[in-house]
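# Architecture at a glance
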Amino acid sequence: MSELKLIKTYKNELQKYSLEQLSYKSEETVWSIGQMYDHLILVAHEYLDNMEKCSKLYDEQPLGKTEFGLHLFKIGGFPPIKIKLPAELNAPPNNSDSKEDLISRMDQVILRLSQWESKVDNINPKYKVEHGGFGWLNAREWYDLVGMHFRHHLRQKAELEQRLVK
């Protein structure tokens with residue numbers, strides 16, 4: 001499934017949640033569905049910002065990916081594990097957005113992805129921006145990482161839906 005199709009599916013599925021379901025936390029340390037969406041949107045924009053930075057560079061970067069970054073792109077996605085970020089990068093996502101706010105914010109991600117979809121492959125693949133865990137990524141890799149990240153959270157989404165009070 002393409003990045004755009006996947007993200008549109010996430011957006012469309014927002015319709016099925018009530019505001020209470022979006023903000024429901026089954027445990028203090030477990031995110032709500034709304035927090036998961038907030039996280040996905042923020043990270044997508046971060047990745048797309050880095051993709052855009054690649055498009056504005058003029059110096060080629062000889063360095064490549066870390067071992068984990070090579071593995072990630074070799075398998076085409078995140079491994080089926082829960083990833084715990086360091087405390088300084090792990091602030092809890094926003095849990096107060098309305099359904100309309102989340103839909104609007106998802107539309108922004110969809111718009112940015114669709115605007116770059118036909119242009120990303122024209123960016124020099126040696127123009128790279130560093131990712132803290134994966135090493136030096138080019139514009140295509142940052143773009144693809146958006147979809148990988150949304151796919152990675154499908155399991156979490158299913159788990160959170162199972163915990164919802166119907």
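The rules behind each value
Residues numbered from 1 in each chain as written. Predicted model: local features only at pLDDT ≥ 70, side-chain atom pairs only at ≥ 80, totals over all residues. Heavy atoms only, no water. Core = buried A, V, L, I, M, F, W, Y, C linked by side-chain atoms within 4.5 Å. Buried < 20%, exposed > 50% of the residue type's maximum accessible area, 1.4 Å probe, protein only. Helix = DSSP H or I, 4+ residues; strand = E, 2+ residues; numbered from the N terminus. Contact = heavy atoms within 4.5 Å. 1 Å grid on protein atoms, 1.4 Å probe; cavity = no way out; pocket = protein on both sides within 12 Å on 5 of 7 lines; lining within 4 Å. Points joined across faces, edges and corners; volume = space filled by probe spheres on them. Nonpolar A, V, L, I, M, F, W, Y, C, P; charged D, E, K, R; others polar. pLDDT = per-residue confidence, 0-100. Axes fitted to C-alpha atoms, helices over the stretch in contact; angles between N-to-C directions. Parallel < 35°, antiparallel > 145°, perpendicular 65-115°, else oblique. Left-handed = near helix turned anticlockwise from the far one by under 90°. Phe/Tyr/Trp six-rings, centres within 6.5 Å; stacked < 30°, edge-to-face > 60°. Lys NZ or Arg CZ within 6 Å of the ring centre and 35° of its normal. Salt bridge = Lys/Arg side-chain N within 4 Å of Asp/Glu carboxyl O.

This part is about the nonpolar core. Formed by 44 residues in total, the largest nonpolar core has its most connected members in Tyr-37, Leu-145 and Phe-150. When contributions to this core are tallied by element, the ones reaching two or more residues are α1 (3-13), α3 (33-55), α4 (67-75), α5 (99-117) and α6 (139-152). Looking at this core, the element that brings in the most residues is α3, giving eleven residues. Discounting residues that sit within four places of it in the chain, Phe-150 has contacts with Leu-6, Ile-7, Tyr-10, Leu-40, Ala-44 and Met-106.

This part takes up empty space enclosed by the protein. Remark: the empty space left among the atoms is shown by a probe the size of a water molecule rolled over them. Counted by the stated rule, this structure contains one cavity of 30 Å³ or more. If you add up the space inside the largest cavity, you get close to 40 Å³. Every residue along the wall of the largest cavity is listed here: Tyr-24, Ser-26, Trp-31, Ser-32, Ile-33, Leu-160, Arg-163 and Leu-164. By residue class, the composition of the lining of the largest cavity is five nonpolar, two polar and one charged.

So, about the environment of Asp-101. As for its placement among the helices and strands, Asp-101 is situated in helix α5. Owing to a relative accessible area of 37%, Asp-101 belongs among the partly exposed residues under this scheme. Sequence-wise, Asp-101 and Asp-38 are 63 residues apart; in three dimensions their C-alpha atoms are separated by 10.0 Å.

Quick look at the confidence of the model for the protein chain now. Here the protein chain shows a mean pLDDT of 92. Residues at 70 or above account for 95%. Strand β2 (residues 135-138) holds the highest mean pLDDT among the elements of the protein chain, 98, whereas helix α7 (residues 154-163) holds the lowest, 92.

Where α1 contacts α6, the two axes come as close as 9 Å, and the packing angle between them is 40 degrees. Judged by the angle between their axes, α1 and α6 are oblique. Remark: the crossing between α1 and α6 carries left-handed chirality. Residue-level contacts link Glu-3, Leu-4, Leu-6, Ile-7 and Tyr-10 of α1 to Tyr-143, Asp-144, Val-146, Gly-147, Phe-150 and Arg-151 of α6. Residue composition of the contact of α1 with α6, by class: seven nonpolar, one polar and three charged.

In the structure shown here, the tally under the stated rule is five aromatic pairs. Considering the side-chain rings of Tyr-10 and Phe-150, the 5.0 Å spacing of their centres and the 80 degrees angle between planes classify their relative orientation as edge-to-face. Of this pair, Tyr-10 sits in helix α1 while Phe-150 sits in helix α6, and the two are 140 residues apart along the sequence. Residue classification places Tyr-10 among the buried positions, given a relative accessible area of 1%. Overall, the relative accessible area of 0% leaves Phe-150 in the buried class. Aromatic rings pair up to connect Tyr-10, Tyr-37 and Phe-150 into one cluster. Above the plane of the ring of Phe-73 lies Lys-65, whose end atom (NZ or CZ) is 5.4 Å from the centre. Taking the ring centre of Trp-116 as reference, the NZ or CZ of Lys-119 above it sits at 4.8 Å.

Scanning the entire structure with this criterion turns up twelve salt bridges. A salt bridge links Asp-97 to Arg-105; the shortest N-O distance between them is 2.5 Å. One network of salt bridges, in which partners are shared, links Glu-13, Lys-16, Lys-157 and Glu-161.

Time to look at the side chain of Arg-112. In this fold, Arg-112 is placed in helix α5. Take Arg-112: its relative accessible area is 13%, and that puts it in the buried class. Those residues within four positions of Arg-112 in sequence are excluded, and the remaining contacts are His-45, Leu-48, Asp-49 and Glu-52.

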